[in-house]
Amino acid sequence: MSKLVIVESPSKAKTIQKYLGDGYEVIASMGHVRDLPKARLCVDVKDNFKPKYSIIKGKEKLVKELKEAAAHSDGVLLATDPDREGEAISWHLAYILGLDEHAQDRVTFNEITKTGVKEGMSNPREIDLDLVNAQQARRILDRLVGYTLSPFLAKTIRRGLSAGRVQSVAVRMVVDREEEIRAFVPQEYWSIDAKLTAPPSKAVFAAAFYGDENGEIKIGSKEESDKLFAELEQEEFLVSAVKKGKKNRSPAPPFITSTLQQEASRKLGFQARRTMKAAQELYEGVEIKGQGSMGLITYMRTDSLRISEDAIREATEYIETRWGGKYLPSKPRHFKSRANAQDGHEAIRPASIAITPEAVKDSLTADQYKLYKLIWERFIACQMANCVLNTTQATISAGKYIFKASGFNVAFEGFTALYEESKDEEEKAGKDLPPLEEGMKLKVKDLKGNQHFTQPPPRFTEASLIKTLEENGIGRPSTYAATISTITSREYVIREGKAFKPTELGEVITKLMKERFPKIVNVKFTAQVEDELDSVQRGDEEWVETLRRFYDDFDKTVQAAKKDMDGVKIRLKEDETDVICEKCGRNMVVKVGRYGKFLACPGYPECKNIKKIVNDTGAACPKCGGKIIERKSKKGRVFYGCSEYPKCDFVSWDPPSKEKCPVCGKTLLQKKSKDKTLYCVTPDCSFEGKKPADTEE
């Protein structure tokens, strides 16, 4: 007989089985096996919020296999992920398998390496019931909010809507920012900018008008700018002061979950869900050529900046070997986590510094390689010396007026030899000034007054929204990917480039929530709930009392809203279409049913006409001349087909373009590859393809 080890995923099971060898059987639970059923609330509010769990539909066979394996084993070890969800999965597994929840059968792995697995197996413990109760409280809280508010929104606005503690606040943030942008009134201001040289140097450098000896002068109009400009044109430009100095730039700390999502968004263009998928794979284990399956990073759901001394020592040795001792700081760097961070895990780092990104590139997918490289470089850089800049600040006089110029050059590259952190708003690249000395006469190459207007705050990007959620204590970093996926899939917000913009639906829901459920979309209140859940996790609060404090007030608010809004139906402009009902002549509206959106006559029940929503591409079918329309496969993948189907069987995964074939005149299709080549599908056509007109030079 062997010991049974239960983990969450097959890839993790495969990696751990390799390290444990004979005497152990490692099986995956495939995530949660028991949960609150979807169809009903399944929380008995009157009986201390008792949850009514059941085996997740479709997992009955797996549970049976787990029970059989446990019965024929020499003991069971629960090795699910080392966080709230993982602890809850172990607790549910213990219940299903009839294990003692106080037995020393819970093991956790910070990294799926030989050392990490050995350490975890050597330190079994009891299931942490505080951690489990914190997860239960969150799960029940979210169920109460979602299953109470979603029917209210469906009745008041339309079917298929949902609300939630974190998602509703995230939507509110996007909506509030849009309202700020709309309300913003641009203010005019002017700058006077000079392009100068310092003979004998021919290098041109920039200086900006500052004011006079009494201080800064703001230029608010063209008239003010022209008046100053006329005076300055007559003046001689002289260097009145030069200040030289040094500036140290420190490296960013290693990644935690939220900063990994932010940086992957900025640097790689990854959405949070894509980042977490690749990170999960790197943690659980990938097949490395010649070495088998191994985990490449530490656990990726963490908000702690703690680093093990072994990892710091390994990084130090690598830096000294590759770049030399001058690239090391005077002492190893340790970073302080924020006040409410959970310190159960280290920061996200490579499991082994020796495994460089290039060494495993051929074994990784493109996403895995890009993310591993980002994590590896960020961690190495955090243990490198500061970047040192030589700075120069010059004060330039033009009669009684003052201009200022600044520049820098790199005295020592330090950590920037490897990695630099991205910013939401990229800083303008600076450059060095030519040699300047006090009293030096300067030559004016150009002097110009420039009009500017103050800019509204930018829309949130995925990176800046995650940053704002974290700074305000909303949700947990591990939930941000799911939150963003929900608010975009529900079409409460849409992406315009990298930015989020609220839809009319998102704005209407937010307005209704602000009026009827102000606490649910209140940032401070939501953060307070998160703090209380953390208190449950620490064992400082009883989870039932935490739920009761929230629910009593929430239930009163819900009952009042239902009474006040009874019979009220909010209609959205975006639901109106220009499609005419052929039966009664009214403009048809978008409805949401069990199988998605469709068009319906607003004259129901007098007129019951409905039809499918057809997305016409505006292109003609190259086979029969009919319309090419957008369709979806059973798996939700978009493809394009002829509206005359089944008479015409034209289909394509590639979208039609607006351009016609120069040879046969039929619609050209566009490949989804990077070059977006246009090609013709007409048989025997001699056209060989080309780039779209808007990309040709």
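Let me sum up the structure you'll find in this document.

The rules behind these values
- Residues numbered from 1 in each chain as written.
- Predicted model: local features only at pLDDT ≥ 70, side-chain atom pairs only at ≥ 80, totals over all residues.
- Heavy atoms only, no water.
- Helix = DSSP H or I, 4+ residues; strand = E, 2+ residues; numbered from the N terminus.
- Contact = heavy atoms within 4.5 Å.
- Areas by Shrake-Rupley, 256 points an atom, 1.4 Å probe, with all protein chains shown as cover.
- Lys, Arg positive; Asp, Glu negative; His and termini not counted.
- Charge placed at Lys NZ, Arg CZ, Asp CG, Glu CD.
- Pairing = 2+ DSSP bridges.
- Buried < 20%, exposed > 50% of the residue type's maximum accessible area, 1.4 Å probe, protein only.
- Arc of directions from axis to C-beta.
- Phe/Tyr/Trp six-rings, centres within 6.5 Å; stacked < 30°, edge-to-face > 60°.
- Lys NZ or Arg CZ within 6 Å of the ring centre and 35° of its normal.
- Axes fitted to C-alpha atoms, helices over the stretch in contact; angles between N-to-C directions.
- Disulfide = S-S within 2.5 Å.
- Parallel < 35°, antiparallel > 145°, perpendicular 65-115°, else oblique.
- Left-handed = near helix turned anticlockwise from the far one by under 90°.

A few points about the overall build of the protein
Now for step 1: When you go through the protein residue by residue, the secondary structure sums to 17 helices and 29 strands.
Now for step 2: Along the longest, intermediate and shortest principal axes, the C-alpha atoms of the protein span 90 × 75 × 65 Å.
Now for step 3: For the protein, long-range pairs separated by at least 24 residues make up 66% of all intrachain contacts whose partners lie at least 6 apart in sequence.
Now for step 4: Carbon and sulfur atoms form 49% of the exposed surface of the protein, whose accessible area is close to 36,800 Å².
Now for step 5: Averaging the locations of the 115 positively and 105 negatively charged side chains of the protein gives two centres separated by 5 Å.

A look at the pairing of strand β15 (residues 401-412)
Now for step 1: Bridge count for strand β9 (residues 205-212) against β15 is 4 bridges, and the pairing is antiparallel. From the neighbouring strand, Ala208 faces β15, where its bridge partner is Lys404.
Now for step 2: Across 11 bridges, strand β14 (residues 387-398) lies against β15 in antiparallel orientation. Its bridge partner being in β15, Asn390 is matched across the sheet by Asn409.
Now for step 3: Counting the residues that bridge the hairpin from β14 to β15 gives 2 residues, and of these Gly399 lies at a positive phi of roughly 65°.

Focus: helix α7 (residues 222-232)
Now for step 1: Among all positions in α7, only Ser225, Leu228, Phe229 and Leu232 are buried. Viewed along the axis of α7, the buried residues span an arc of 105°, placing them on a single side of the element. Exposed positions of α7 whose direction lies more than 90 degrees from the buried face are Glu223 and Lys227.
Now for step 2: Considering only its buried residues, α7 is in contact with β8 (188-197), β9, β11 (237-249), β14, β15 and β16 (441-453).

Some words on the packing of aromatic side chains
Now for step 1: This structure, assessed with the given rule, holds 15 aromatic pairs.
Now for step 2: Centre to centre, the rings of Phe209 and Tyr401 are 5.9 Å apart; their planes meet at 55°, and the pair counts as tilted. Taken together, the positions of Phe209 in strand β9 and Tyr401 in strand β15 put the pair 192 residues apart, joining distant regions of the chain.
Now for step 3: A relative accessible area of 12% means that Phe209 is categorised as buried.
Now for step 4: By relative accessible area, which is 7% here, Tyr401 ends up buried.
Now for step 5: The ring of Phe460 carries the charged tip of Arg177 above its face, separated from the ring centre by 4.2 Å.

Quick word on the sheet that holds strand β7 (residues 76-78)
Now for step 1: Spatial ordering of the open sheet is given by β2-β1-β7, a layout of 3 strands whose pairing is parallel. The open sheet has two edge strands with one neighbour each: β2 (24-28) and β7. Strand-to-strand twist in this sheet, taken as the mean axis angle between neighbours without regard to direction, amounts to 25°.
Now for step 2: By the bridge criterion, 5 bridges tie strand β1 (residues 3-7) to β2 in an arrangement that is parallel. Bridging from a neighbouring strand, Val5 pairs with Val26 of β2.

Some details on the state of the cysteines
Now for step 1: By the definition in use, this model includes 0 disulfides.
Now for step 2: Not part of a disulfide, Cys685 finds its nearest cysteine sulfur in Cys661, a span of 3.6 Å.

Topic: the sheet that holds strand β27 (residues 656-660)
Now for step 1: Reading across the sheet, the 3 strands line up as β27-β28-β29 and stay open at both edges, with antiparallel pairing between neighbours. The sheet is open, and its two edges are formed by β27 and β29 (678-679), each paired on a single side.
Now for step 2: Judged from the 2 bridges that link them, β27 and strand β28 (residues 667-670) form a sheet pairing that is antiparallel. Within β28, the position partnered with Lys660 by the bridge is Thr667.

Describing the packing of helix α5 (residues 129-156) against helix α15 (residues 504-516)
Now for step 1: The contact between α5 and α15 brings their axes to 12 Å, and the two run at 120°. In terms of orientation, α5 lies oblique with respect to α15. Relative to α15, α5 is oriented so that their crossing is right-handed. Side by side, α5 and α15 meet where Leu149, Phe152, Leu153 and Thr156 of the first sit next to Ile509, Leu512 and Met513 of the second.

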